[in-house]
Amino acid sequence: MLVERSEWMRMLTLVRQVLDAEESVRVEAGAVALGSSKLVMDTMDEYGVEEALRLKEAGAEAEVVAVAVGPARMQDALRTALAMGADRAIHVETDVVLDAMALSRVVATIAKEEGADLIFSGGQQADWDSHALGAATAERLGWPQATWTSALELVGTTLTGKHDVDAGSETFEVELPVVVTTQQGLNEPRYPTLPGIMKAKKKEMRKEGLERFGVGPSVTLKGAEIQVKARLGKILDGKDAQGAAAELVGLLRNEARVIA
Amino acid sequence: MILIVAEMSGGKLSKSTLEMVAAARQMGRAGDVTALVLGSGVAAVAGEVAKYVDQVLVGDVPALAEYGPEVWAAAVAQIAKEGEASTVLIGGSRSGREYSPRVAVKLDAPLLEDVIALKDAGGTLTAERYTFLARVTETVETAAKVVVVTVKPGAFAPAGPATAVAEQFDVDLELPVSRLKVTGKTTEKTDRVSLTEADIVVSGGRGVGSAEAFEAMVVPLADRLGAAVGATRAIVDAGWRPYAEQVGQTGKTVQPKVYIAVGISGAVQHLSGMNKSKVIVAINKDAEAPIFKVADYGIVGDVKVLLPAILDELKK
């Protein structure tokens, strides 16, 4: 069936790969070493893939394209997105570590080339704790943004939803194109099914080099240190509840001097 | 010029603004420390911030009555360009972290996010920030002429007043119309001190037992101490507490003088939101719980018995 261009749309969902939260962090030569650690798709990006799929399943005539920029291993995260249901993937393969501002240049270029209408990005990256990618991409494209969304609905080319702000939350309405960032509570990402995983192997994963984007890091990493604050570790036995409570309150009042 | 975008809440200057002033003074970069006050009816805030900086620029127009990322980014970028700012400091609040990347793109500047330390050496700006769920401190630098920085709330001690009160200047702004239309607002209850500004935080997790037990034990302890209330993701997901109270990777990051963790085991995602607290107190029945590894003080025992006992003791 032919679909009018005005109703048909393309959604990009940005995928990053981060250290599994349960894994311990190692630093080698002034940088976090990920070498043999378990890496997973950033949960925040899973929300984005899931939401794109849900909007499509709710009736949006759309193609969902998963996009990643990074080393060869990133294709694992892209395969996960494809197995969840994304239609195809684009992998800009590079070992250069790009900060969010630099990354947004690559994403904006791809968005233009692909004629994207809606871009999903994780609200916060679990590794660098950066919030910048979505907003920076929106600015480069001259698009509005809806950050930290917890509910979304798409009717035609109008996106409505709810998102968190400084002092609570807001409901909003915005016309596409728009960049959306996610947060916990937006949805429950699905697990890839076995048929989904099989299908994903046949889906297109386009490889690109970073060179043509003419992008390099905008900040330089000088060092990384695992910092463990020395803690006192004065742990009391609570069998005698009154006694332990009295001792703890005494310590907080007279030794730590943090309560009145 | 070092440009600071003043943050306010409920018509008052926020502590985070004075933290940015401290960061600007300590940075060691030449230029007037300039506060930009944006809003509608913000004369009182402008007057207050004037006590702390070298110069105040005021954009006080009805179009700025409501915050929006496109509008704020346009205003800040315009002033930064006109004043040839070398550094733009923006608060690490939800709004600051949302519009700062747009400012950086407009200025073609790098963005240093959520910094906890900032130092200039010969034109190169070096910053420290927490990464990997606050387990790593990374040092990053940039030699760019213009740098946009967001400052992590609580990382700098608020600055004291300057020797003289700064002069105020009105600015003319060219503002876009926000394309994100706000159709409704829900404001968090503000009768309690906010999580990110509180000196004391009392948080609860699964070990508290139930939503009712949380109301009956954790909330009164917080009230007694004048503390903010926090919660783990598990109990927010279970519907015991609102998301606004969630501390951790996907919730708020807090750095109070004392963090009291009640019935919290200490998953790494939770620790990332509170492990920079000055003093950590843990109350949990499981002596092996990871929370005790980061605790300064703690009691191993039954929360149901211990919390009332602690409340009794505090009343003495």
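Residues numbered from 1 in each chain as written. Chains lettered and ligands numbered in written order. Predicted model: local features only at pLDDT ≥ 70, side-chain atom pairs only at ≥ 80, totals over all residues.

## Here's the deal with the packing of helix 5 (residues 211-225) of chain B against helix 8 (residues 303-315) of chain B
For any two helices packed against each other, the geometry is given by the interaxial angle and the distance between the axes.
Residues and elements named next belong to chain B.
1) Next: Interhelical geometry of helix 5 versus helix 8 gives an angle of 20° and a closest axis separation of 10 Å. On the basis of their axis angle, the class for helix 5 and helix 8 is roughly parallel. In the packing of helix 5 onto helix 8, the handedness of the crossing is left-handed. Contact with helix 5, carried on its side by Met217, Pro220, Leu221 and Arg224, involves Leu307, Pro308, Ile310, Leu311 and Leu314 of helix 8 and no other residues of that element.
2) Next: Broken down by class, the residue content of the contact of helix 5 with helix 8 amounts to eight nonpolar, no polar and one charged. (Axes fitted to C-alpha atoms, helices over the stretch in contact; angles between N-to-C directions. Helix = DSSP H or I, 4+ residues; strand = E, 2+ residues; numbered from the N terminus. Parallel < 35°, antiparallel > 145°, perpendicular 65-115°, else oblique. Left-handed = near helix turned anticlockwise from the far one by under 90°. Contact = placed C-beta atoms within 7 Å. Nonpolar A, V, L, I, M, F, W, Y, C, P; charged D, E, K, R; others polar.)

## Here we look at the environment of alanine 22 of chain B
Residues and elements named next belong to chain B.
1) Next: Summarising the element assignment, alanine 22 is placed in helix 1 (residues 15-26).
2) Next: Judged by C-beta crowding, with 19 C-beta atoms within 10 Å, alanine 22 ranks as partly exposed.
3) Next: For alanine 22 and glycine 160, which are 138 residues apart along the polypeptide, the C-alpha to C-alpha distance reads 8.2 Å.
4) Next: Residues contacting alanine 22, with those up to four places away along its chain left out, are Phe156, Ala157, Pro158 and Ala159. (Buried ≥ 20, exposed ≤ 12 C-beta atoms within 10 Å, placed from the backbone.)

## Quick notes on the interface of chain B and chain A
1) Next: Contacts between the two partners involve 71 residues from chain B and, on the opposite side, 69 residues from chain A.
2) Next: With ten residues, helix 4 (residues 94-107) of chain B is the largest single contributor of residues to the side of chain B that touches chain A.
3) Next: Partitioning the side of chain B that touches chain A into residue classes produces 35 nonpolar, 17 polar and 19 charged.

## As for the sheet that holds strand 15 (residues 234-237) of chain A
1) Next: The strand order across the open sheet built from six strands is 15(A)-17(B)-16(B)-15(B)-13(B)-14(B), with neighbouring strands paired in parallel fashion. Every interior strand has two partners, whereas the edge strands, strand 15 of chain A together with strand 14 (228-231) of chain B, have only one. Strand-to-strand twist of the sheet, defined as the mean angle between neighbouring strand axes without regard to direction, takes the value 15°.
2) Next: Of the pairings in the sheet, the one linking strand 15 (residues 258-262) of chain B to strand 16 (residues 279-284) of chain B comprises five bridges and is parallel in character. Counted as the bridge partner of tyrosine 259 of chain B is isoleucine 280 of chain B from strand 16 of chain B.
3) Next: Where helix 5 of chain B meets the sheet, it contacts strand 13 (200-204), strand 14 and strand 15 of chain B, and its direction lies at approximately 175° from that of strand 13 of chain B. (Pairing = 2+ DSSP bridges.)

## A word on the environment of lysine 199 of chain A
Residues and elements named next belong to chain A.
1) Next: Of note, lysine 199 is situated in helix 5 (residues 194-200).
2) Next: Lysine 199 sits in the partly exposed class, given 14 other C-beta atoms within 10 Å.
3) Next: Along the backbone, lysine 199 and alanine 83 are 116 residues apart, and their C-alpha atoms lie at a distance of 6.9 Å.

## Description of the packing of helix 3 (residues 69-82) of chain B against helix 4 of chain B
All names here are of chain B.
1) Next: The contact between helix 3 and helix 4 brings their axes to 8 Å, and the two run at 40°. Classed by the angle they form, the pair helix 3 and helix 4 counts as oblique. Seen from above, helix 3 lies across helix 4 with right-handed handedness. Mapping the contact onto sequence places Pro69, Trp72, Ala73, Val76, Ala77, Ala80 and Lys81 in helix 3 and Glu98, Tyr99, Arg102, Val103, Lys106 and Leu107 in helix 4.
2) Next: Residues belonging to the contact of helix 3 with helix 4 are distributed by class as follows: nine nonpolar, no polar and four charged.

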